[in-house]
Structures are given as structure tokens and as C-alpha cells.
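Understanding the architecture of this molecule
The chain contents come next:
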Amino acid sequence: MAEWRKIEREWRDMLGEGTLWSARENAVYWTDILAPALNRLSLDDGAMQRWTMPAPLGWVAERAEGGFIGGFQDGFARIALDPLVITPLGDPEPHLPGSRMNDGKADASGAIWCGTMDMAEEQDVGALYRFDPDGRWELMDSGYRVPNGPAFSPCGRWLYHSDTARRVMYRFARKADGGLSDRQPFIRFAEEDGYPDGMTVDAEGHLWVAHWGGGRISRFTPDGTLDRSITLPARQVTNICFAGETLDRMFVSSAAVGLPESEYDGALFELFPGVQGLPTCQFAG
């Protein structure tokens, strides 16, 4: 019996990313970076919505006060839906017009961590930023080709972040002042594994990672040992989130870019992995 099911809908994502569980709406959001668009799946009735965006959108995070913060090609912006209103907040990289944001999420302190990358995937100009509730951002790490993640350990001690192009996931120690230290390679993918893409952490502190080009998701123990993998029929698996009232449902996005028309590439999948996730953190600004 399959461990997954495909969510039926009328479109597929060119580059599905940024899966986000909203407890206050009982819904899953995710982006299609290249459409560009923001998608919503209601877990109440299965209804689908899709909003066209003005620029590539890598991620969204809920605001505690309502609405969302989004990471666009040209920086941070507030997003209100129905009606759609986008309010720019600032661009950390105006000197890199060929770059865009790729992946990001809020932490327990209410800050957002997110990566930027060269859209052509040719230059190592990508970076990791922290966007604070007071509206300021800070460069936390640099030199990435394709940054992905981040994810946070339940204890708050560790931050995980990948350079997908290098097939390596890093682990950082988090400092009391909000900074990072001691970046270490944590998990390396072999060629047959594909590339590490989006990730999340479950309530037991295990790290779940999507395999771009590897057709699966994998769970790693807190010491980096492979625990298990779940094969999916999409070749380019991109991002993962836990969802539902008890956080025991999992939703996984994928991408169709560069692939021929198929039933599964670019689909959204639901799984029941047998473990629970962590609550979604919200941006405090």
C-alpha cells in the first residue's frame, strides 16, 4: 500500500516550494516560484486557491498580526489576500538583480531565516539572512550556489541549512544573541541521492529532507544517521511540512521544471509518516 497520495487539482507547479501549515486557517500554503504564484489547500473541505504573484516568490511566513511576509525576487514584502495587496518592505540585495529568494521560515523567536541565490545557478553569490521583527535584516552566512532550508531543532540549539548544488547540509550552533557559529557539514548526499532540498524537523528532533532528483524524502536522526526514506513518484521533490490538528499529516511539494508532462512531477503529496511535527512559528513583526 502506498505511503502517499497525490492531491488532485487542475494545475501542476513548475517549481513548488515553501510549504507552510497554517493552524489558524487549517490550511496548507505553498509557492510556485516560477509561475509565480501562491497556492492554498483547505484541510476543511479540500478547496484549492491560487493567487498570481508579480515576481518570483520563494516562501511565505504567517504574521502573528495576520497576513503573511513573503520573500520575493526583489526582497521582503507584506502580503494580504482577498483582496491581494503586496507592500514592499526592503531588498537586502539590490546590487544583485539576477538573484532571488529561495526558501525560508520563521523561528520560535519570531524572526525569519531565508536564503538568496543566483537565478541562473551559476555564481556562488547566495546568502543566508535573518529578518527580524523590527524590520531589519542581517547577513548570517554567504557563498551559496542554491541555499535551502532552514530548519530548527526542537531544543533551539541547532539550525540546519543546505547548499543544494554542493549536496551538503550544514549544522550551525545558535548563539544566545541570535547569531550563528560553528558551521559544520552535517549530511552529504551521494550522486545517487540527488540533491538536498527543503527540510523540516519533527517533534522527536529528526530531520526530514526532500531529494531533488532523488524522488523521495528521508528522515535523519539528530546525529545525522539515515533513519528511513519514503519513495515518491515525482523526480524533483522540493519541500516538506507537517500539518493538521495533531501535526501528524505531512505535505510534500515537487517541481515540473525541465521535465516532460507527467502525472506526478509538479504535484503536491500527502503522507502519514507515523510521527508528529512541530507547530508553525509566526513572524512577530
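Higher on the page you've got the structure.
A brief report on the enclosed structure follows. (Residues numbered from 1 in each chain as written. Predicted model: local features only at pLDDT ≥ 70, side-chain atom pairs only at ≥ 80, totals over all residues. Heavy atoms only, no water.)

Scanning the chain from terminus to terminus reveals zero helices and 24 strands. In summary, the chain has a C-alpha radius of gyration of 17 Å against a globular reference of 19 Å for 285 residues, a match within 12%. For the chain, the spread of C-alpha atoms along the principal axes amounts to about 50 × 45 × 35 Å. In the chain, which comprises 285 residues, the share counted as buried stands at 56%. Within the chain, contacts between residues at least 6 apart in sequence are counted, and of these 45% link residues at least 24 apart. Put simply, the chain shows about 11,700 Å² of open surface, and 48% of that area lies on carbon and sulfur atoms. Here the chain holds 27 positive side-chain charges and 42 negative ones, and the gap between their average locations is 2 Å. (Helix = DSSP H or I, 4+ residues; strand = E, 2+ residues; numbered from the N terminus. Rg over C-alpha atoms; globule rule 2.2 N^0.38 Å. Buried < 20%, exposed > 50% of the residue type's maximum accessible area, 1.4 Å probe, protein only. Contact = heavy atoms within 4.5 Å. Areas by Shrake-Rupley, 256 points an atom, 1.4 Å probe, with all protein chains shown as cover. Lys, Arg positive; Asp, Glu negative; His and termini not counted. Charge placed at Lys NZ, Arg CZ, Asp CG, Glu CD.)

Moving on: the nonpolar core. One finds Trp 208, Ile 217, Met 250, Val 252 and Leu 271 to be the most contacted residues of the largest nonpolar core, which totals 15 residues. Among the elements of the structure, strand S19 (207-212), strand S22 (237-243), strand S23 (249-254) and strand S24 (269-271) are those that each provide at least two residues to this core. Broken down by element, this core gets its largest block of residues, three residues, from S22. When neighbours within four sequence positions are excluded, Met 250 is seen to be in contact with Trp 208, Ile 217, Ile 240, Cys 241, Phe 242, Phe 269, Glu 270, Leu 271 and Pro 273. By size, the runner-up hydrophobic cluster in this structure holds 14 residues, among which are Ala 27, Leu 38, Leu 57 and Val 60. (Core = buried A, V, L, I, M, F, W, Y, C linked by side-chain atoms within 4.5 Å.)

What follows concerns the sheet that holds strand S7 (residues 68-72). Read across the sheet, four strands follow the order S6-S7-S8-S9 without closing on themselves; strand pairing throughout is antiparallel. Each edge of the open sheet carries a strand with a single partner, namely strand S6 (57-62) and strand S9 (85-90). For this sheet, the mean inter-axis angle between neighbouring strands, taken without regard to orientation, is 30 degrees. (Pairing = 2+ DSSP bridges. Axes fitted to C-alpha atoms, helices over the stretch in contact; angles between N-to-C directions.)

Right, let's talk about the sheet that holds strand S14 (residues 147-152) for a bit. Spatially, four strands are ordered S14-S15-S16-S17 in an open sheet, and the strand pairing comes out antiparallel. Both edges of this open sheet fall to S14 and strand S17 (180-188), since each of them pairs with a single strand only. The mean angle between the axes of side-by-side strands here comes to 25 degrees, regardless of whether they run parallel or antiparallel. Pairing geometry for S14 and strand S15 (residues 158-163), over four bridges, is antiparallel. When the bridges of S15 are listed, Ala 151 appears paired with Tyr 160.

Below, the discussion takes up the pattern of salt bridges. A full pass over the atoms with the stated rule returns 25 salt bridges. Between Glu 270 and Arg 5 there is a salt bridge, and its shortest N-O distance comes to 2.8 Å. Separated by 265 residues along the polypeptide, Glu 270 in strand S24 and Arg 5 in strand S1 (residues 4-6) bring together distant segments of the chain. We classify Glu 270 as buried; its relative accessible area is 3%. Asp 32 is the salt-bridge partner of Arg 50, the closest N and O atoms lying 3.1 Å from each other. Taken together, the positions of Arg 50 in strand S5 (residues 48-52) and Asp 32 in strand S3 (residues 27-32) put the pair 18 residues apart, joining distant regions of the chain. With a relative accessible area of 32%, Arg 50 lands in the partly exposed category. A relative accessible area of 1% means that Asp 32 is categorised as buried. In the salt-bridge network here, residues are joined through shared partners; they are Asp 202, Glu 204, Arg 219, Asp 227 and Arg 228. (Salt bridge = Lys/Arg side-chain N within 4 Å of Asp/Glu carboxyl O.)

Per the stated rule, a full pass over the model turns up one cavity of 30 Å³ or more. Together, Phe 72, Gln 73, Gly 75, Asp 91, Pro 92, Glu 93, Leu 96, Ser 99, Arg 100, Met 101 and Thr 116 line the largest cavity. Top contributing element to the lining of the largest cavity by residue count: strand S10 (residues 99-106), with three residues. (1 Å grid on protein atoms, 1.4 Å probe; cavity = no way out; pocket = protein on both sides within 12 Å on 5 of 7 lines; lining within 4 Å. Points joined across faces, edges and corners; volume = space filled by probe spheres on them.)

So, on to the pairing of S14. Of all six residues in S14, six are buried, a share of seventy percent or more. Hairpin geometry of S14 and S15 is characterised by an intervening segment of five residues between the two adjacent antiparallel strands and by a positive phi of about 80 degrees at Gly 156.

Looking now at the packing of aromatic side chains. Applying the stated criterion across every chain yields a total of 14 aromatic pairs. For the ring pair Trp 4 and Tyr 264, a centre distance of 5.7 Å and an interplane angle of 80 degrees mean the geometry is edge-to-face. Of this pair, Trp 4 sits in strand S1 while Tyr 264 sits in the loop between S23 and S24, and the two are 260 residues apart along the sequence. Tyr 264 sits in the partly exposed class, given a relative accessible area of 25%. What links up through ring pairs into an aromatic cluster is the set Trp 59, Phe 76, Phe 131, Trp 137 and Phe 283. Above the face of the Tyr 195 ring, Arg 167 is positioned so that its terminal group lies 4.0 Å from the ring centre. Between Arg 171 and the ring centre of Trp 158, over which it is positioned, the NZ or CZ distance is 3.8 Å. (Phe/Tyr/Trp six-rings, centres within 6.5 Å; stacked < 30°, edge-to-face > 60°. Lys NZ or Arg CZ within 6 Å of the ring centre and 35° of its normal.)

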